[in-house]
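Overview (structure and organization)
Here's the letter readout for the chains.
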Amino acid sequence: QVHLVESGGGLVQAGGSLRLSCAASGSIAGANTMAWYRQAPGKQRELVGDITSSGTTNYADSVKGRFTISRDNANYAVYLQMNSLKPEDTAVYYCMVNGRAYYSFRYLDYWGQGTQVTVSS
């Protein structure tokens, strides 16, 4: 089993910063793309940004220049630094890892449990 554990969410005022962390544990033995998604109430889950195993990043237009995604390959961890937060960034944030368990050759998408980010105006 591969488990993703997220941390770092919370309540922050507009203009503030938060850093989300996501660490994979259990049987993981490899990881391709890692990503952060978010889902606001009444809306579909959307991609915030992703990072390949070589470090290439991609961001949603709404967060470009404000959010930075990074990863620690040795520890199968992914991070999301969020600056200049806006009320519209309020959502549950989920990490996703396209990873492989040591007992399999298949890469699957694993998801974290989600962490709430609330930005007050």
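Residues numbered from 1 in each chain as written. Predicted model: local features only at pLDDT ≥ 70, side-chain atom pairs only at ≥ 80, totals over all residues. Heavy atoms only, no water.

**Quick word on the side chain of aspartate 50**
Test applied: Per the convention used, a helix needs a DSSP run of H or I reaching at least four residues, while a strand needs a run of E reaching at least two, with both numbered from the N terminus. Under the scheme applied here, a residue whose accessible area is under 20% of the maximum for its type counts as buried, over 50% as exposed, and between as partly exposed, the area being computed with a 1.4 Å probe on protein chains only. For the charge count, each Lys or Arg is scored as positive and each Asp or Glu as negative, with His and the chain ends excluded. The rule for a salt bridge is simple: a side-chain nitrogen of Lys or Arg has to be within 4 Å of a carboxyl oxygen of Asp or Glu. Whether two residues are in contact is decided by their heavy atoms: any pair within 4.5 Å suffices.
Summarising the element assignment, aspartate 50 is placed in strand S5 (residues 46–51). No salt bridge is formed by the buried aspartate 50; the nearest opposite charge belongs to arginine 71, separated by 8.8 Å. The residues contacting aspartate 50, other than those within four sequence positions of it, are Thr33, Met34, Ala35, Thr56, Thr57, Asn58 and Ile69.

**Re unusual backbone geometry**
Even without a glycine there, the phi angle at tyrosine 76 is positive, about 50 degrees. Relative to the elements of secondary structure, tyrosine 76 occurs in the loop between strand S7 (67–72) and strand S8 (77–82). For tyrosine 76, a relative accessible area of 22% puts it in the partly exposed group. Residue serine 84 is not a glycine yet carries a positive backbone phi of 50 degrees.

**Things to note about the nonpolar core**
Note on soluble globular proteins: their nonpolar side chains tend to be buried together. Cut-off, in case you're wondering: In plain words, nonpolar cores are sets of buried Ala, Val, Leu, Ile, Met, Phe, Trp, Tyr and Cys residues tied together by side-chain atoms within 4.5 Å.
The biggest cluster of nonpolar side chains holds 30 residues, and the ones touching the most others in it are Trp36, Phe67, Val78, Leu80, Met82 and Tyr93. Looking at this core, the elements that each hand over two or more residues are strand S1 (2–7), strand S3 (18–26), strand S4 (28–39), S5, S7, S8, strand S9 (91–101) and strand S11 (115–120). In terms of residue count, the dominant contributor to this core is S9 (5 residues). Discounting residues that sit within four places of it in the chain, tyrosine 93 has contacts with Glu6, Leu20, Trp36, Tyr37, Arg38, Val48, Phe67, Leu80, Met82, Gly114, Thr115 and Val117.

**Looking at the pattern of salt bridges**
As enumerated under the stated definition, the model contains 4 salt bridges in all. Across the pair aspartate 89 and arginine 38 runs a salt bridge whose closest N-O atoms are separated by 3.0 Å. Of this pair, aspartate 89 sits in the loop between S8 and S9 while arginine 38 is found in strand S4, placing the two residues 51 residues apart along the sequence. Given a relative accessible area of 6%, arginine 38 falls into the buried group. Of the charged contacts in the structure, one is a salt bridge between lysine 64 and aspartate 61, with a shortest N-O distance of 3.1 Å. Residue classification places aspartate 61 among the exposed residues on the basis of a relative accessible area of 66%. The network of salt bridges with shared partners includes Arg38, Glu46, Arg66 and Asp89.

**Re the state of the cysteines**
Between two cysteines, a covalent bond joining their sulfur atoms is known as a disulfide. Condition: The term disulfide is used for any two cysteine sulfur atoms that are within 2.5 Å.
Counted under the stated rule, the structure contains 1 disulfide. What pairs with cysteine 22 in a disulfide is cysteine 95, and their sulfur atoms sit 2.0 Å apart. Between cysteine 22 and cysteine 95, the S-S torsion sits near 55 degrees, and that sign places the bridge as right-handed. Of the two residues, cysteine 22 sits in strand S3 while cysteine 95 sits in strand S9, which places them 73 residues apart along the sequence. For the pair cysteine 22 and cysteine 95, one class covers both residues: buried.

**Quick look at the sheet that holds S8**
What links the strands of a sheet is backbone hydrogen bonding, and the strands pair in either a parallel or an antiparallel sense. For clarity, the threshold we go by: Should DSSP find at least two bridges between two strands, the strands are taken to pair. Fitted lines through C-alpha atoms serve as axes, helices being fitted only where they are in contact, and the angles separating the N-to-C directions of these axes extend from 0 to 180 degrees.
Across the sheet, 4 strands lie side by side as S1-S3-S8-S7; this open sheet has antiparallel pairing. With one partner strand each, in any of the chains shown, S1 and S7 form the two edges of the open sheet. Pairs of neighbouring strands in the sheet enclose a mean axial angle of 15 degrees, with direction left out of account. In terms of strand pairing, S3 meets S8 through 6 bridges, oriented antiparallel. Bridging across to S8, alanine 23 finds its partner in alanine 77.

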